[in-house]
Amino acid sequence: MKGEALIRANFGIDPSTLSEEMWARLCAEAMWIETWRLRCKAEMLGRLFGDGGTRKSR
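So, here is what we can say about the structure in this document. (Residues numbered from 1 in each chain as written. Predicted model: local features only at pLDDT ≥ 70, side-chain atom pairs only at ≥ 80, totals over all residues. Heavy atoms only, no water.)

### Side note on the environment of C27
- Inspection of the secondary structure assignment puts C27 in helix α2 (residues 20-48).
- Once the C-alpha coordinates of C27 and I7 are considered, the two residues, 20 residues apart in sequence, prove to be 5.9 Å apart. (Helix = DSSP H or I, 4+ residues; strand = E, 2+ residues; numbered from the N terminus.)

See the structure below:
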């Protein structure tokens, strides 16, 4: 379910129409995009609220 939601949100594609291989590929790409997005947001908030965005992400 989470993978399907990520595919819909990031690519605007109905995941039920995809082959298993394409579903897995797009799910992995969507997870990468979400991780990147969250890191950028964390850095931005860190700069806004005082730590200068210097914390290392894991």
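### Some points on the environment of F11
- With respect to the secondary-structure elements, F11 resides in helix α1 (residues 2-11).
- Of the residues examined, F11 reaches a relative accessible area of 28% and is grouped as partly exposed.
- As for F11 and L26, which are separated by 15 residues in sequence, their C-alpha atoms are 8.2 Å apart.
- If sequence neighbours within four positions are ignored, F11 has contacts with L6, L26, E29, A30 and I33. (Buried < 20%, exposed > 50% of the residue type's maximum accessible area, 1.4 Å probe, protein only. Contact = heavy atoms within 4.5 Å.)

### Overview of α1
- Every buried residue belonging to α1 is among G3, I7 and N10, and all of these are buried. Projected down its long axis, α1 carries its buried residues within an arc of 85°, all on one side. Residues of α1 that are exposed and angled more than 90 degrees away from the buried face: K2 and A9.
- Buried residues in α1 make contact with α2.
- One or two positions beyond α1, positive phi appears at G12, with a value near 65°. (Arc of directions from axis to C-beta.)

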